[in-house]
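# Observations on the model geometry
The primary structure of each chain is shown beneath.
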Amino acid sequence: MLSLIFNKLIMKKLLALSLLLSQFIFSHPPAVVPQDLMTFEPGELIVKLKDDVDAGVYYEANGKAMSNFNIGELLGIEEKVASSIVMFHQSSIESSIQNQKRLAAQYAAQAAANPNNGYQPEPPKSMKNVFVITTTNEQENIPMLVEELKNNPNVDYAEPNYIYGIDDFEVGEIITAEEASKMTSSNNSSSIEVDDPLYSSQSNITATNIDDVWDQYTTGDGSQVIAILDTGVDYTHPDLEANIWINEAELNGVVGYDDDGNGFVDDIRGWDFINIDNAPLDDNMHGTHVAGIAGAVGNNGIGIAGAAWDVKLMPIKVFQSTGQGNSTNIAAGVEYASTNGATIINMSFGSYAESFTLKLAMENAYATSILVAAAGNNAISIGPCLICFPSFPAAYSYVLGIEDRPRPLAGYTNYDPSGPVSSGHANLLNYELAAPGTGIMSTIPGGGYSTLTGTSMAAPLVAGALALYIEKNPEDSKELMFGNLINTSPNPGSNQPGFVDILAAIDVDPSPRLAVLSSIKRDSINNQNGDGFWQPNETIEILPLVKNYWGPTEDVRVGIEFAEFEDTSKATITQDEIQIGSISAYASLQDLTETLKITISEGVANNVDIKFVLKAWSGPDEEYVSDPIEIVINVKNSILLFGVISENTTISPEYEYLVPSNLIIAGDATLTILPGTVLKVSDDAQITVI
C-alpha cells in the first residue's frame, strides 16, 4: 500500500494549491447575480465616517450640514477625490444621535432586567459624518475603491450610490380627463354608498375590507400625512388637489425665502430632488397613480376613491422620468418626509442591492413614521437560496413589505414562501402582507385615469388604509399594529389566496403568537472542549431564539423532543423544557443561561444526523403553542487534530480527522496521510508548517 508523506516543502506547496483552489471554488459568484448589484452612479461613492471622527462638520442657518474637511486625505485617496458633500441636515443628525442614545439606554435597561437574554438588538447608527464623494475619474472602479475603504479604521461603511427603480409595471386602459368628466357614478357592492364614477372598478378596496372601515369607523379626517416617494405627483389633478399636503409656513411666507428653516426654499407641496426645485410634478405616471390609490378624494363625484378620502399626500420626487433614482436622493427624500411630519412613508420601488445610506435614513425615520414598500415584480423569492434575493427596502423587518396575491395567481410578484412569521435570514428579512396590485384603477397626470399592475399598486393601498387604522387606534405601537395586520391576514406566502383585512386588523383583540426562529448550539458544558463538533458522549446545549409576532405574553417556555420516527437510542434528552421569560409585542428573546440539553450516546457512528423538534408556548398549560421547527445534530465520531504536531504522525482511513482550530507542524515532524483518509478543516482553522 502506498502512503503519502508530507514534509515541510510538499506541505507548503499543497497548502498553497489548496488555498488557490478554495478561492477559485468559493469566490466564484453564483450563476444568477442581480444586475442591481452593478448598477450605480459612475464616479460616485458614499462613505460614512465613524461618529468619533472629527470631520469639521458645521451647519448653515438653514440646518444644511457643511464641511471643508479633506476627506480624501483622511482616507488616503486624495488624488481620486474631486469633491465631497455632507448628507443630511442638522435636525436629522441631532435627532438620530438622540434616538441612538435613547435606544441604547432602552436596550441596556432591558438587558439589566433580563440579563440572560442573548438577543440584544443594536441601536441604529447615527446620521452623522455621511459624505457623498465624486471621483476625479468618472471611470473609477467604484466597487474596488469601496472594498479598499472598508478596511480604513475611520470608516463605518462605504458603498456605491446604487440605482433603484420603480420596477416594470403594466399599463392598461386609459381614461382621459375629458372622458372622466362625463362619467357618472354607478352602483357598487360596498357597504357604504360611494358616488365616484370609477369606484365600481376598485375591487382592491372591497377585497381588503377598507369599505367596511369607511362604513363603521372613518373615511379619514385629514390628520395623517402620507409621503409619496416616487416620480412626483400631479398635484393639480382634480381628484388629488384637495388632499395635497401644504407647507403652510412656506405658503404664507416670503417667496424665495426658507420660511420654516428646513433647508428647502418655498417647498409648499414637497420637494423635487431630481430637478432641485419646489415643483415635484410627475413626468412618468407612476407617482400620480400611487398617490391616487392611497388618497384620492372620496365621494366627490369624480374619478375614484382613495383608501383614505381625507388625507394629506406629500409629493417627494426622487425618481427620473425613466423610473430610476439613486440611493442618495431617496435617502434625502426619506429624511425630508420624516422631518416634515409624514406619519406614513410609501416606497413603491426597490433594488436587490442594499444601500446602507438608505437603511440609515429609514431606521431613523421609523421613530416617527410607518414605512411601507413594494416587494417587487420579478417573481423572485426572498429566500434564502442560491437563486433567491430579498428586495430592499421591502425586506427589512421594520418596513411593511407588500406582495400581490401569491404565485401563480399573480405570477409577477416577488414573494416570501416562509410567510411573515418566520425567516431564514439571520437579520429576519420578510415581506409581511399581500394586497391587490393587478389591474388597479387610479389617477394619472393630466386629470385622467388608468389601470396599472404591479406591487407598486399594492403598497399604497396599505399605506392609505394605515391612515384609517391610526385614526381608529392611535395608541397602538407600531409593533402591535404590525402584529394585528399580519395575524388577521392570510399568509401571503401560502398557496391560499388572500389579502390584508384592514377591518379585522382594527377590530382584533391581540393574543400572543410565538415562533422559534433559530437556535445556538454549544458543547462547552461540563469542561467539554467547546470545539463546535457534536461527538459521542458529549452534552449539547441548545439556546432557542423565540419571537413573539403579536400580543405580549408572560412565562414563555421552550421544549425539545425527538422528531417523529427518529431513533431515540442515538441520544438522551436531559433537559426537555426551559422557561425563558416574558416577551412584548413583536419582540424577540434568547436566554443565555437556561438551555435545553441532549447527550449523544456512546458509539454513534460518524456523520450520523439526529433530528429534534423545538416548540415554544406560554405557561404551564401550554397556551399559544408555536409551530414546531426541526433541528439536526450531526454527530462527528472523529479524531481531532489541533495544537502542535512535533513528532512523525500517520493518519489512516479507519477514522475521519477534523482540524477544529489551528494546527502547527513543527520541527522535522512529518505528517503521513494514507490513501482514502478523510481530513476536514474548520472554516476558521489554519494548518501551518514552521
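Residues numbered from 1 in each chain as written. Predicted model: local features only at pLDDT ≥ 70, side-chain atom pairs only at ≥ 80, totals over all residues. Heavy atoms only, no water.

### Focus on the overall build of the protein chain
Inclusion rule: For the purposes of this entry, the term helix denotes a DSSP run of H or I that reaches at least four residues, the term strand denotes a run of E that reaches at least two, and both are numbered from the N terminus. The size measure is the radius of gyration over C-alpha atoms, and the globule rule it meets is 2.2 Å times the number of residues to the 0.38 power. Note on classification: 1.4 Å probe, protein chains only; a residue is buried when its accessible area is under 20% of the maximum for its type, exposed when over 50%, partly exposed between these limits. Contacts are residue-level and defined by heavy atoms, with any inter-residue pair within 4.5 Å sufficient. We count Lys and Arg on the positive side and Asp and Glu on the negative side, and we leave His and both chain ends out. Each charge is placed at NZ for Lys, CZ for Arg, CG for Asp and CD for Glu.
From N to C terminus, the protein chain includes 14 helices and 35 strands. Its C-alpha atoms give the protein chain a radius of gyration of 29 Å, near enough to 26 Å, the size a compact globule of 690 residues would have. Within the protein chain, the fraction of its 690 residues that count as buried is 54%. Contacts spanning at least 24 positions in sequence make up 73% of the contacts within the protein chain whose residues lie at least 6 apart. A gap of 9 Å separates the mean positions of the 32 positive and 88 negative side-chain charges of the protein chain.

### Side note on the nonpolar core
Quick reminder of the rule: Buried Ala, Val, Leu, Ile, Met, Phe, Trp, Tyr and Cys residues that are joined via side-chain atoms within 4.5 Å together make up what is termed a nonpolar core.
Core analysis: the largest hydrophobic core is formed by 71 residues, its most contacted members being Leu-229 and Ile-345. Considering every element that reaches this core, the biggest residue donor is helix H10 (residues 327-339), with six residues. Aside from chain neighbours lying at most four places away, what touches Leu-229 is Ile-316, Val-318, Phe-319, Ile-330, Gly-333, Val-334, Ala-337, Ile-345, Asn-346, Ser-348 and Phe-349. The next biggest cluster of nonpolar side chains, apart from the first, holds 70 residues, and it includes Val-194, Ala-296, Ile-370 and Ala-505.

### Notes on the sheet that holds strand S2 (residues 40-49)
Counted only if it meets this: Note on pairing: two strands pair once DSSP finds at least 2 bridges between them. For every element, the axis is a line fit to its C-alpha atoms; helices are fit only across the contacting stretch, and the angle between N-to-C directions ranges from 0 to 180 degrees.
The strand order across the open sheet built from five strands is S5-S6-S2-S7-S12, with neighbouring strands paired in antiparallel fashion. With partners counted over all chains shown, the strands left at the sheet margins are strand S5 (81-86) and strand S12 (324-326), one partner each. Within the sheet, the average angular offset between the axes of one strand and its neighbour, ignoring direction, is 25 degrees. Relative to strand S7 (residues 155-165), S2 is paired through six bridges, and the arrangement is antiparallel. Paired with Leu-49 across the bridge in S7 is Val-155. Most of the contacts of helix H4 (residues 142-150) go to S2, to which it runs at about 10 degrees, and overall it touches S2, strand S6 (130-135) and S7.

### Topic: the pattern of salt bridges
In a structure, side chains of opposite charge can pair up when their charged atoms sit close to one another. Our working definition: We define a salt bridge as a contact between a side-chain nitrogen of Lys or Arg and a carboxyl oxygen of Asp or Glu at a distance within 4 Å.
Tallied over the full model, the rule gives 11 salt bridges. Here Asp-156 makes a salt bridge to Lys-125, at a shortest N to O gap of 2.9 Å. Placement of Asp-156 in strand S7 and of Lys-125 in the loop between helix H3 (90-113) and S6 is noted, with a sequence separation of 31 residues between them. Residue classification places Asp-156 among the partly exposed positions, given a relative accessible area of 28%. The partner of Glu-541 in a salt bridge is Arg-522, and the shortest N-O contact between them spans 2.9 Å. With Glu-541 in strand S20 (residues 539-548) and Arg-522 in strand S19 (residues 514-522), this pair connects stretches of sequence that are 19 residues apart. Residue Arg-522 is classed as partly exposed on the basis of its relative accessible area of 28%.

### Brief notes about the sheet that holds strand S8 (residues 170-175)
With antiparallel pairing, three strands are arranged side by side in an open sheet as S8-S18-S17. Every other strand in the sheet has two partners, leaving S8 and strand S17 (440-444) as the edge strands with one partner each. Here the strands of the sheet are splayed against their neighbours by 35 degrees on average, with no regard to which way each runs. The strands touched by helix H9 (residues 286-295) within the sheet are S17 and strand S18 (448-453), with S17 carrying the most contacts at an inclination of about 115 degrees.

### Re the packing of H9 against helix H12 (residues 455-472)
Heads up, the rule is: Handedness of each helix crossing follows the sense of rotation of the near helix against the far helix: counterclockwise by less than a right angle gives left-handed, clockwise gives right-handed. Note on residue categories: nonpolar means Ala, Val, Leu, Ile, Met, Phe, Trp, Tyr, Cys or Pro, charged means Asp, Glu, Lys or Arg, and polar means any other residue, Gly included.
The geometry of H9 relative to H12 is characterised by a closest axis approach of 7 Å and an angle of 35 degrees between their N-to-C directions. For the crossing formed where H9 meets H12, the hand is right-handed. For the pair H9 and H12, contact is made by His-286, His-289, Val-290, Ile-293 and Ala-294 and by Ser-456, Met-457, Pro-460, Leu-461 and Gly-464, respectively. Of the residues assigned to the contact of H9 with H12, the class counts are six nonpolar, four polar and no charged.

### Focus: unusual backbone geometry
In this model, Gly-383 is joined to Pro-384 through a cis peptide bond whose omega is 15 degrees. Among the secondary structure elements, Pro-384 is positioned in the loop between strand S14 (370-374) and strand S15 (399-403). In this structure, the amide linkage connecting Phe-392 to the following residue, Pro-393, adopts the cis form with an omega of 10 degrees. Mapping Pro-393 onto the fold places it in the loop between S14 and S15. Positioned with a positive phi, Glu-622 is a non-glycine residue whose angle comes to about 55 degrees.

### A word on the packing of aromatic side chains
Put simply, the rule reads: The rule is short: rings of Phe, Tyr and Trp, with Trp giving its six-membered ring, pair when the centres are within 6.5 Å, and they are stacked under 30 degrees, edge-to-face over 60, tilted in between. Here, a charge over a ring means that NZ of Lys or CZ of Arg falls within 6 Å of the ring centre while also lying within 35 degrees of the ring normal.
For the structure shown, the criterion picks out 17 aromatic pairs. Ring centres of Trp-214 and Trp-309 lie 4.8 Å apart, and the angle between their planes is 55 degrees; on these two criteria the pair is classed as tilted. Within this pair, whereas Trp-214 is found in helix H7 (residues 210-216), its partner Trp-309 is found in the loop between H9 and strand S11 (312-317), the two being separated by 95 residues in sequence. When sorted by exposure, Trp-214 lands in the same class as Trp-309, which is buried. Look at Phe-273 and Tyr-336: their rings are 6.2 Å apart centre to centre, the planes differ by 80 degrees, and that puts the pair in the edge-to-face class. On the criterion of sequence distance, the pair formed by Phe-273 in the loop between strand S10 (271-272) and H9 and Tyr-336 in helix H10 is long-range, its members being 63 residues apart. Taken together, the ring pairs connect Trp-245, Phe-264, Trp-271, Phe-273 and Tyr-336 into an aromatic cluster. Lys-472 extends its terminal NZ or CZ atom over the ring of Tyr-217, reaching a point 4.7 Å from the ring centre.

### What to know about the confidence of the model for the protein chain
Our working rule: Note on scores: pLDDT gives the predictor's confidence for each residue, bounded by 0 and 100.
In this model, the protein chain carries a mean pLDDT of 88, and residues with pLDDT of at least 70 account for 91%. With pLDDT under 50 throughout, residues 1-33 is counted as low confidence; its partners more than four residues away or in other chains account for 32 contacts.

### Looking at H9
Judged by how many residues are buried, H9 sits mostly within the fold: 10 of 10 residues are covered. Every buried residue of H9 is listed here: His-286, Gly-287, Thr-288, His-289, Val-290, Ala-291, Gly-292, Ile-293, Ala-294 and Gly-295.

### Looking at H4
Cut-off, in case you're wondering: Throughout, the arc means that of the directions going from the helix axis to the C-beta atoms. Any N or O atom pair separated by 3.5 Å or less is treated as a polar contact, with the protein-specific requirement of one donor-capable and one acceptor-capable atom, and with residues adjacent in sequence counted only for side-chain atom pairs.
Taken together, the buried positions of H4 are occupied by Ile-142, Leu-145, Val-146 and Leu-149. With its buried residues spanning 100 degrees around the axis, H4 presents them on a single face. Summarising the contacts, the buried residues of H4 are in contact with S2, helix H2 (71-75), S6 and S7. A side-chain oxygen of the first residue of H4 lies 3.1 Å from the backbone nitrogen of Met-144; this N-cap is Asn-141.

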